[in-house]
Every structure is written in C-alpha cells, then in structure tokens.
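Coordinate inspection notes
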Amino acid sequence: MSNWSFLKSDLTDQDFIIDCRSQVQFQESTLKGSCYFPFVKKAFASDPESFKKMLGPLDEVIALAKKEGKSRIIVFDEGMGMFAARLTLLLRSAGFVHTYILDRKWPVEGTTEKGAREFDFAPATKIRKLEGIVDKAFLEKNLTRLQIFDTRTPEEYDGKLPRLTAPEPGSLCGRLPGAFLWDWRMLYDASGELVDKTFFNKKLRAFPFMPERTTVIYDYNGARSSLLALMLKEVGYNDVNVYIGSWFEWRKSSLPKQAAAVYGQTATGSAPRVGGAERKG
C-alpha cells in the first residue's frame, strides 16, 4: 500500500472515474462508468485565452461529478503517470480537493467496458485564480526570488532536445535560468511504483531549497511537473506552484534562457537569440 495520500487503490460507487490514457485505448476498454476528456492531453500556454480553454473544462468536470453525486474523483492512466497527475493537481487547484490518482497499473482489475462517455467542453468566459498554478507574468516578475525545479530529462535540461517526444528541428532548446533538474522518471522505482516518502525526502535534501520559499516546477507542457508538485505539498513544502505554460510557452518568449540551442542546427550555425544574459549552470 502506498504511503502517498494522493494515491487511492480502492474504488467505490461514490467515485467519478476519469481515464487519462489515449482516446483509442479508452474506446477499446476502460473501467465501467469512466469518462474521457480530450483536454487532458493538450498543452496550454498561460495567456488569458489559453487559460480559459483549460479552466472551462475543469469547472465542467467538477460540475458533472457533483451533478452525479460523487464524493471523490479518481483519475487513472497507464500507471500513476503524468497525465493522471496533471489532471489530479488541476482539479484540486480548481476546488475539488478529493481528487486522487488510482494506485494501480493498467490493466486494472474490475468491470470494464468499451469507453463511450466522452465530453468536450467550451472555454470559460472569465478568468479566475487556480491555487498553485502560475503564469509567465508571475515567473517574469519573480524569477530571481524563486526556487525552480525542471522535471524534464537531462537531454532537455542541457539544451539538446526541445522536448522528449517528437522533437521538431528548428525548435529552441534550453531551460529557465536558475532551474535545478529533477528528472521526473526518478520519482519512480525500478518496478514503476512511486518512490516512498523516506527515499523522496532523502533525495530532496540534496537540493539547496527551503520548504518555506516559493517553489515553481515546470517541464515542457505542465504534465510531468504535476507529480512532483503533489509530492512536495505532501512533505511540507508551503508554496508549491506549477508553471502551466512551461517550456512550451517560455521558449517562444524573449525572456532569459539558459543552455539555449536550436534543435537540428549544426554547431557552426548562428547562436540562437534569447532574452537576458546566458549564464552557466
């Protein structure tokens, strides 16, 4: 049994279940009564219009769960992965605190059926603050006062890849200034289970961070960072935030970047134009 409280292994009739695997997998077989929401797979920037596209579906998911009289929301994917973590974090941030990741790997024991409950909701009409979610403007204003985790891979962090999957030639690689790397894959053990709190805290002490300081986590599109955010909150970090736009958005800005390079460009090409001063680290 896991010692992380955001994981739940039991399912009851009071649970609103969300499948975060691919749409094809959902349609082939899912847990009975599960829903599928296309927005969970999308990358979102943090500008107002992009934020509305994320906020609208979140509020509608919560409204649907309440309408059906459900007391918990249980989210699953292939096995405690990044999309289940992102949706769990976002739903909690939007106000449904009893949202959890299913502590099982697919295929899950239980009654299954072909997935048919698919919902695609419109953007929100107004912006409201989501707890623990920050935008590009917040990063720009507070960059030098934050402790920042980058949860991508070393290749992405070092500016060799713009993103882990399907990198596009011509895309800007790099990282946010001052960010420390915590490869999200290191949050799992060799069997694919989440590491326990004791091991996690031991690794955490290797970083020059303090629980009372504002912490921001990012990756490429705000998915991989969500799991670390849930873990940090549970071990006593007071002000944990995910930059939802992440490198997907930051790379297109004129804001400072480190380890900047253009993917697919030869070493003899011109240096990429980035904002701020390039610093080693």
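Predicted model only: the values in this text are computed from it and were never measured. (Residues numbered from 1 in each chain as written. Predicted model: local features only at pLDDT ≥ 70, side-chain atom pairs only at ≥ 80, totals over all residues. Heavy atoms only, no water.)

Here L176 is to be found in the loop between β11 (172-175) and β12 (180-181). Sequence separation between L176 and K53 is 123 residues, and the spatial gap between their C-alpha atoms is 25 Å. Leave out the neighbours within four places in its chain, and L176 touches L139, Y218, Y243, W247, W250 and Q258. (Helix = DSSP H or I, 4+ residues; strand = E, 2+ residues; numbered from the N terminus. Contact = heavy atoms within 4.5 Å.)

A separate point is the side chain of S50. As for its placement among the helices and strands, S50 is situated in helix α2 (residues 48-67). With a relative accessible area of 17%, S50 lands in the buried category. In this view, S50 contacts F44 and A45; residues no more than four positions away in its chain are not counted. (Buried < 20%, exposed > 50% of the residue type's maximum accessible area, 1.4 Å probe, protein only.)

For the rest of this paragraph, the subject is α2. Compared with the 28 Å implied by 1.5 Å per residue over 20 residues, the 28 Å span of α2 between its first and last C-alpha is a close match. Taken residue by residue, α2 has S50, F51, K52, M54, L55, G56, P57, L58, V61, I62, L64 and A65 as its buried positions. Buried residues belonging to α2 abut β2 (15-19), β5 (72-76), α3 (82-93) and β9 (133-134). Of the residues flanking the end of α2, it is G69, one or two places downstream, whose phi is positive at about 70 degrees. (Expected span 1.5 Å × (residues − 1).)

In terms of burial, β2 is a largely internal element, five of the five residues being buried. Alternating positions in β2 separate into two faces, D15, I17 and D19 on one and F16 and I18 on the other, with burial throughout.

So, on to the packing of aromatic side chains. In the structure shown here, the tally under the stated rule is 20 aromatic pairs. When the ring of F149 is compared with that of W182, the centres are 5.6 Å apart and the planes differ by 65 degrees; the resulting orientation is edge-to-face. Highlighted residues: F149 in strand β10 (residues 147-150) and W182 in the loop between β12 and α6 (197-204), separated in sequence by 33 residues. Each member of the pair, F149 as well as W182, is classed as buried. Their ring planes at 75 degrees and their centres at 6.0 Å tell us that Y220 and F248 sit as a pair that is edge-to-face. Linking Y220 in the loop between β13 (214-218) and α7 (224-234) with F248 in helix α8 (residues 246-250), this pair joins segments that are 28 residues apart in sequence. Per residue, the accessibility class of Y220 equals that of F248, and both read buried. Linked through ring pairs, W4, F6, F149, F180, W182, F200, F207 and F209 together constitute an aromatic cluster. It is K252 that lies over the ring of F248; its NZ or CZ is 4.7 Å from the centre. (Phe/Tyr/Trp six-rings, centres within 6.5 Å; stacked < 30°, edge-to-face > 60°. Lys NZ or Arg CZ within 6 Å of the ring centre and 35° of its normal.)

Right, let's get into the domain arrangement of the protein. How big an interface is tends to be stated in terms of the accessible area lost upon association of its parts. In terms of domain boundaries, the protein breaks down into domain 1 (7-113) and domain 2 (133-263). Residue-level contacts link 23 residues of domain 1 with 24 residues of domain 2. Roughly 1,800 Å² is buried in total at the junction of domain 1 and domain 2, and carbon and sulfur atoms are behind 69% of that figure. Of all residues in domain 1, S46, M82 and L89 bury the most surface against domain 2, accounting for 32% of the area lost on that side. At the surface where domain 1 touches domain 2, the tally comes to one salt bridge. Of the charged contacts in the structure, one is a salt bridge between E193 and K105, with a shortest N-O distance of 3.9 Å. The set of elements that each furnish at least two residues to the side of domain 1 that touches domain 2 consists of α2 and α3. (Domains from an automatic or database assignment. Buried area = accessible area lost by both parts, 1.4 Å probe. Salt bridge = Lys/Arg side-chain N within 4 Å of Asp/Glu carboxyl O.)

For the rest of this paragraph, the subject is the pairing of β5. The buried fraction of β5 amounts to five of the five residues, a majority that puts the element mostly inside the structure. Here β5 shows a buried face lined by R72, I74 and F76 and a second buried face lined by I73 and V75. Relative to β5, β2 is paired through five bridges, and the arrangement is parallel. When the sheet's bridge partners are listed, F16 is paired in β5 with I73. Where β5 lies against strand β6 (residues 99-102), three bridges are found, and the strand directions are parallel. In the strand pairing of β6, V75 is matched with I101. Viewed along the sheet, the connection from β5 through α3 into β6 turns out right-handed. (Pairing = 2+ DSSP bridges. Right-handed = clockwise from strand over helix to strand, strands pointing away.)

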